[in-house]
Each structure stands twice: as structure tokens, then as C-alpha cells.
Amino acid sequence: MGLRVAYIVWWRELRRYMLDRGRMIAMFFQPLMFLIVMGYGINSVFPKDLMGFDYMKFLFPGILAMTVFMTAFMGGITVIWDREFGFLKELMVAPVRPTWVVVGRILGSATVATIQGIIFMIIGYFLGIRPDLMMTLKIVATTFALGIMVGGLGIYMGSAMKTTENFMALMNMIVQPMLFLSGAFFPIDNIPNWLKWFVYVNPLTYAVDLMRHITASMIKIETLSMPQIPQNLPPQAMQALKPIMDMLNSLMSTRPNVTHFSMQTDILVMAGFTVVFVLLAGWKFAVSEGV
Amino acid sequence: MENAIHVENLVKKYGNFEAVKGISFDVRKGELFAFLGPNGAGKSTTINILVTVLKPTSGIVYVAGHDVVREKLQVRQRIGVVFQDPSLDSRLTVEDNLKIHGYVYGIYGRELQKRMDEVLDIVELKGVKKRLVKHLSGGMRRRLEIARGLMHTPQVLFLDEPTTGLDPQNRAKIWDYVENIRTTGTTVFFSTHYMDEAEYADRVAIMDHGKILALDTPDALKKGIGGNMIVIGVKKDKTDSVLEKLKQMGFTPHKANDGKIWIPVSDTASTIPQLFSALGDVITEVDIRIPTLNDVFLTLTGRELRDDESSPEKFVPMRFRR
Ligand SMILES: Nc1ncnc2c1ncn2[C@@H]1O[C@H](COP(=O)(O)OP(=O)(O)O)[C@@H](O)[C@H]1O
Ligand SMILES: [Mg+2]
């Protein structure tokens, strides 16, 4: 019985998404703009070889995570809409426990976010970002996991907020900083320590990092290797070349990594955030909407 | 036989404000029961408690044999509800709304299709199954809500002001459907502030300021205020003195909104000559009225029930008239 309720609530979220093409398209505008402008822009300023990666491909997982984040978070606004437009009453008087409604809602948000993610990946394909099949499957799995985490956060916020305006204001307030402090736009290895703290408490950071792990082989430029010094050179020549070699070496070593944490850390932290957000959502939804 | 609804000393407070002040009543199985009262009487508050979406402050409430506080889920399974305010998902289609309701109440598959067609038939909406709810008229939405409330064949159907804001045609239709629904043995509990609509009910509870002032069949209520009403018009400046005089004569007159004086009487024929000899030339007109529920309300509260919304009376189908 409970699962059937979760299913139909999930179905409703999907159905509404399908009937509302406007929302679908509008949600792509910002991420696409970032990807194209920043991607081509930065790539044209900094040579790929020097950075050690193709910035466009580096940026892609970050922007993908952002799309998924925004879509899943927006799922929370349906809680407020239901309250404003009265449908909530239909759910309140139904012989079901709010827990199952929350489960359905979160899975709904996650599914819609994943679909948006997949469409975004298709767009990426045409921009030359072409992960292989295995990578693609892993990315999709990650977007779904991120969707559940953020879906929980969105439902929690939707249950806590009184009006659509408040919710939108909150979204605008947190989305930008979360995005910029997630490592979506730049590697976080070499940023100042005080700034790192913001990055570390940001749930999005770990999703972006995980996606970079998955796509690392696509992002990194493997063609650049240390120039080999021919062994048969006279010692004087070796001596003369040394400073140049040292400089190159140090340049290579300070090249930022595309990932920051280990994959295990990313997964564990995401799981932790997910548990917290889902429980918060379940609790707040039951308190504010249940009787 | 157990009653469909049992309410004992129900109190609901919003902060310090007592919206329902200790009411008690029973609704029998299969009955068409009405709450009649002006806006703010406490009708919706009571209904929301009966349907488990609002907690009572104190009192005992049983619906369909279960306690609305301790056995919410059991009560919810057995009731259908049409709230005063719309509660459809207007971005989905008619069919979608019914499907969601079906699943939530454990109806799916072939049974779902069958029930969907049945309830859409009842409210004559079969033709718009695929239409988005936001593209339906207000009356159609209301009818859809009734259909939805019937999907899981509830024992008790609650309708909170089901016709408010609708045009006369749609109002009449809704009472047609209600009559139809009753033939299946469903108990129907509705609220209204239109006296004409309360006339359809088997029994009416007249409510005002959180209290039930009277509860009986419409006929008994009208008989209770004693025979007919004599309505007299008097010269404007004389109204107060006439009221005074009538009281001295042992009548209980009321001044209506339009300035006319209403006098409940048991024997019309002998009273009229008596009035003329006592008041004589002050009287400008005389009218005899068979009492309505509005008159009952007037007698009970000294106020008129009717507000400035037009009465749906003219459009009521004849077979409902008593
Ligand atoms: N949530 C609420 N908070 C405070 N007062 C309320 C609330 N809901 C209703 N009331 C008050 O309770 C009284 C009864 O309201 P209601 O039950 O809606 O009456 P009706 O349905 O008969 O018009 C009114 O005075 C109304 O203002
Ligand atoms: Mg009301």
C-alpha cells in the first residue's frame, strides 16, 4: 500500500514535468550559457597543455551537477504549490502516512533531475563532450544519487517555507554560492585555506568531485609528457638544460588535479548528506503537512 | 443501528477564539444531513474535524464507527470529502486526478478504469476525461471533486458548501447528483448558507457562532416557529413603536433587513383583524408567508440568514420542492 502511494506520487511529479515543457527548457538556459561561454572562453585563454586538461570537459561535470541540483531542488516548490493551490488537502485526507508521500516526492525530484541531466549530456555530446558508455552509466547513477540528496533538501525547504517567493529567494541565495564554491568552475587544490572551508561544507562539492573521478580520463590531457633528454648529450649540455628541466618539472607538479578527494570520500559524504536531508524532509513534511 | 456520525461536546479553539462551542449531534446512516449557517458559523471547522484534517480541542467525534483522533486512517478510508476550497491538481488532466486518488485509496488496474467511468458518469464529465483541469469551468471542477470523492465508494460523503460560487445551472446539477448518490445508501453530510439548499436535507442543524441552535427536519423546524408568518409594512417612522406595541400584545415580532416586520402566528385568520384594529392606519401592506428556514433562522437569532448573494431558489428542480 505504502509503495503504491510512493509510486503514484512519483508518477505525478513525472507527469507534471512532462506536461510542463516550459520548466524543462527554462532550466537549461543558465547552465548552457555557463558551459558555452566559460568553456570556450577559458579554453581560448589558457592553453590546454599548460593546465593539463581541457577546460570545457573539466567544466562539464560541474555544470551537469548544477543542472541536476537546480532541478531537484525545484522539486521542493511543488510542496508549496500544493499548499497554495489546495491539492495538499487531498493528500492530507488520504488514508496514507506522509512518509510514503515524501518518498514518492523525493524519488520524483530525483527522476526529473536525472532526465534533465541526460538531456544535458546529449547537448554536451554535440559540443564534443563524449564519455564512453561505462562513464555515461556512472554519470547517470551519480546524477540520480545527487537528485535524491538535493530532492530531500528541496522537500525540506519546501515544507519549511511559507510562500513561493520565499522559496525562490532562498534558491537564488544558495544556488549561486553553492555552485561557485563547489569546484565546478575551478580546481580546489590551490585555493586559499579559508575558502576551502566553504567548499568542504558544500554538498555539491562531493558530487562534482565524484563526477570528475568518473570522467577523469576524458578530462586530462595525456599527450603532454615530460620531454626526454637524450642520454648521449655531453655533460655540459646536460648541465645547461637542468634549470629548464627543473622549471618544467615544477610547473608540471603544480598543475592542479582535476579531483580533490578520493572517490570513497565523495561517496561516503554524499551518502551522509543524503541521509540527513531525506530524514529532515520526512520529518518536516510530516510535521507541517500531517495532522 | 450505529450512527454514521456521532459528535459529543465538540469544542474547537483557535488560540483564545472558540470557533465551535461544545456541539453535539448524530447523523444516521443513509441520511442527507445539512449544516445551515452564515459565514463564520463554524461549519467548515466542524467538517474539517469530522474528516480528520483538524484536531478537536475537546470532545468525542466518531465517523463511520471510528474515532477521528485515534483512528484517523480508518476514518479516512471510509469517507469522501469535497472541501470548501478547490483541491484538484489543475496542471493534470481529469483522468490523472482520478488515477492518483484511486491509487492512494488502493484502486488500480481494471477496477480503476471501471470506477473512473462510473463516477464520471454520475457527474456527466465522461467527455472531458483527457482535458487539463485548468481548462475546466468552475462548475465542472466542482463536479470532478465530487466524482473523486466517490471513487472509493465512501460510507459518508462530506460536501463543504458544494455550490458556493457556482451558477444556477451547475447548482441544480449538483443537487441532482447528490440525490442520485443517496440512492446508493451513502450518507451525505453537507454545509450551506443557502436556506433553499438545506431544504433538500432529511435533517438540518442550524448553526451560528459555533453553536447548533436547532436540529430537526426542515418541516419540523418551520412548524416549530408556530404556523405562518405575517409580514407587515408600516410607515417608516412608526417601526419602533409598532414593534413595541406588538410585543405588548404578546407577539414576538422581528424586523427584517428591508424594514418590514415579521410576526410568527399560529392562527392567521384571527390575527389579521386583530392587527388592523390595534395598529390601524400605520399598516401600509400585509403579506402572509409560509415559513422558510430563513424565517426559522430569523426567529432563532433575530438576524436574517440571507446575505447579498442571490438565492438559487428559482432554479431548483421541481422534484426537490417540498
Ligand atoms: N485557522 C483559523 N485560525 C483562526 N480562526 C479561524 C481559523 N479558521 C477559521 N477561523 C474562524 O473560526 C470561525 C468559524 O470559521 P469557519 O468554520 O470557516 O466557518 P464557516 O465555514 O461556517 O463559514 C470564523 O470566525 C473564522 O474566522
Ligand atoms: Mg466554511
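Residues numbered from 1 in each chain as written. Chains lettered and ligands numbered in written order. Predicted model: local features only at pLDDT ≥ 70, side-chain atom pairs only at ≥ 80, totals over all residues. Heavy atoms only, no water.

Caption draft 1: Representation of the overall build of chain B in the model. From N to C terminus, chain B includes 11 helices and 14 strands. On the principal axes, the C-alpha backbone points of chain B span a range of 75 × 45 × 35 Å. Here chain B holds 322 residues, and the buried ones make up 55% of them. Relative to all contacts within chain B whose residues are 6 or more apart in sequence, the contacts with residues 24 or more apart total 69%. Only carbon and sulfur atoms are counted for the fraction: they give 48% of the accessible area of chain B, which is about 14000 Å². (Helix = DSSP H or I, 4+ residues; strand = E, 2+ residues; numbered from the N terminus. Buried < 20%, exposed > 50% of the residue type's maximum accessible area, 1.4 Å probe, protein only. Contact = heavy atoms within 4.5 Å. Areas by Shrake-Rupley, 256 points an atom, 1.4 Å probe, with all protein chains shown as cover.)

Caption draft 2: Highlighting the overall build of chain A. Tallying secondary structure elements over chain A gives 13 helices and 0 strands in all. The N-to-C order of helical and strand elements in chain A reads α-α-α-α-α-α-α-α-α-α-α-α-α. Counting across all 291 residues of chain A, residues that qualify as buried make up 49%. Contacts in chain A between residues far apart in sequence, at least 24 positions, make up 85% of those at least 6 positions apart. Just so you have it, chain A exposes about 13500 Å², and 71% of that area is on carbon and sulfur atoms.

Caption draft 3: Molecular detail of the interface of chain B and chain A. On the chain A side, the residues contacting the 31 residues of chain B number 24 residues. Between chain B and chain A lies a buried interface of about 2700 Å² when both sides are counted; carbon and sulfur atoms form 64% of it. For chain B, the biggest contributors to the area lost against chain A are Arg91(B), Tyr103(B) and Val104(B); these three give 23% of the whole. Our count for the contact surface shared by chain B and chain A stands at 5 salt bridges. One salt bridge in this structure joins Asp89(B) and Arg16(A), with 3.0 Å as the shortest N-O distance. Our enumeration of links across chain B and chain A arrives at 9 residue pairs in polar contact (both at pLDDT 80 or more). Listing elements by their share of the side of chain B that touches chain A, those giving two or more residues are helix H2 (72-78), strand S6 (79-82) and helix H3 (94-104) of chain B. Per-element tally for the side of chain B that touches chain A: the top contributor is H3(B), with 7 residues. Split into classes, the residues belonging to the side of chain B that touches chain A amount to 16 nonpolar, 7 polar and 8 charged. (Buried area = accessible area lost by both parts, 1.4 Å probe. Salt bridge = Lys/Arg side-chain N within 4 Å of Asp/Glu carboxyl O. Polar contact = N/O pair within 3.5 Å; in protein donor to acceptor, adjacent residues only side chain to side chain. Nonpolar A, V, L, I, M, F, W, Y, C, P; charged D, E, K, R; others polar.)

Caption draft 4: Structural detail: the site of ligand 1. Residue and element names in this part refer to chain B. Neighbouring ligand 1 are the residues Tyr14, Phe17, Ala19, Pro38, Asn39, Gly40, Ala41, Gly42, Lys43, Ser44 and Thr45. The contact in question runs from an oxygen atom of ligand 1 to an N or O atom on the backbone of glycine 42, over 3.0 Å. Isolated, ligand 1 exposes 550 Å² of accessible area, and the fraction of that covered by the protein chains is 59%. Broken down by secondary-structure element, the contributors of at least two residues to the shell around ligand 1 are strand S2 (17-27) and helix H1 (43-50). Sort the elements by how many residues they give to the shell around ligand 1 and H1 lands first, with 3 residues. (Near = heavy atom within 4 Å.)

Caption draft 5: Summary view of the side chain of Glu197(B). Residues and elements named next belong to chain B. Here glutamate 197 shows up in helix H7 (residues 195-198). It turns out glutamate 197 is buried and unbridged, and the closest side chain with the opposite charge, arginine 171, is 4.6 Å from it. Polar contacts involving the side chain of glutamate 197 include one to the side chain of tryptophan 175, which spans 3.1 Å. (Lys, Arg positive; Asp, Glu negative; His and termini not counted.)

Caption draft 6: Broad picture of the sheet that holds S2(B). Residue and element names in this part refer to chain B. Spatial strand order, S2-S1-S4-S5: 4 strands in an open sheet with antiparallel pairing. Among the strands making up the open sheet, the edge pair consists of S2 and strand S5 (66-67). On top of the sheet, H1 reaches strand S1 (5-14), S2 and strand S4 (58-63); it is set at about 120 degrees to S1, its chief contact. (Pairing = 2+ DSSP bridges. Axes fitted to C-alpha atoms, helices over the stretch in contact; angles between N-to-C directions.)

Caption draft 7: The arrangement of the pairing of strand S3 (residues 32-36) of chain B in detail. Residues and elements named next belong to chain B. By the criterion of burial, S3 is predominantly enclosed, with 5 of the 5 residues buried. With burial as the criterion, each face of S3 is covered, one bearing Leu32, Ala34 and Leu36 and the other bearing Phe33 and Phe35. As paired elements, S3 and strand S8 (residues 187-192) share 5 bridges and run parallel to each other. What sits directly across from alanine 34, in S8, is phenylalanine 190. By the bridge criterion, 4 bridges tie S3 to strand S9 (residues 203-208) in an arrangement that is parallel. Following the sheet pairing, phenylalanine 33 is matched in S9 by arginine 203.

Caption draft 8: Structural view of the nonpolar core. Ranked by internal contacts, the top residues of the largest apolar core, which has 105 residues, are Ile5(B), Phe25(B), Val63(B), Phe158(B) and Phe189(B). When residues no more than four places from it in sequence are discounted, the contact partners of Phe189(B) are Ile5(B), Phe25(B), Val27(B), Phe33(B), Phe35(B), Ile47(B), Leu50(B), Leu157(B), Phe158(B) and Leu159(B). (Core = buried A, V, L, I, M, F, W, Y, C linked by side-chain atoms within 4.5 Å.)

Caption draft 9: Structural context of the pattern of salt bridges. The tally for this structure, following the rule as stated, stands at 23 salt bridges over all chains. Across the pair Glu31(B) and Arg28(B) runs a salt bridge, and its minimum N-O distance is 3.6 Å. Under the relative-accessibility criterion, Arg28(B) is labelled partly exposed at 45%. One salt bridge connects Glu31(B) with Arg203(B), and the closest N-O pair in it is separated by 2.5 Å. Of this pair, Glu31(B) sits in the loop between S2 and S3 while Arg203(B) sits in strand S9, and the two are 172 residues apart along the sequence. In this pair, the class of Glu31(B) matches that of Arg203(B), namely buried. If you follow the salt bridges from partner to partner, you end up with Arg12(A), Glu13(A), Arg16(A), Asp82(A), Arg105(A) and Asp89(B) in one network.

Caption draft 10: Quick peek at helix H9 (residues 164-180) of chain A. All names here are of chain A. For H9, built from 17 residues, the straight-helix expectation of 24 Å at 1.5 Å per residue is met to within 8% by its first-to-last C-alpha distance of 24 Å. Among the residues of H9, those classed as buried are Thr164, Phe167, Leu170, Met171, Val175, Met178 and Leu179. Take H9 and look down its axis: the buried residues cluster within an arc of 130 degrees, on one side only. Set apart from the buried face of H9 by more than 90 degrees, the exposed residues are Glu165, Asn172 and Met173. Contact partners of the buried residues in H9: helix H2 (21-45), helix H4 (55-74), helix H5 (77-85), helix H8 (133-160) and helix H11 (203-219). (Expected span 1.5 Å × (residues − 1). Arc of directions from axis to C-beta.)

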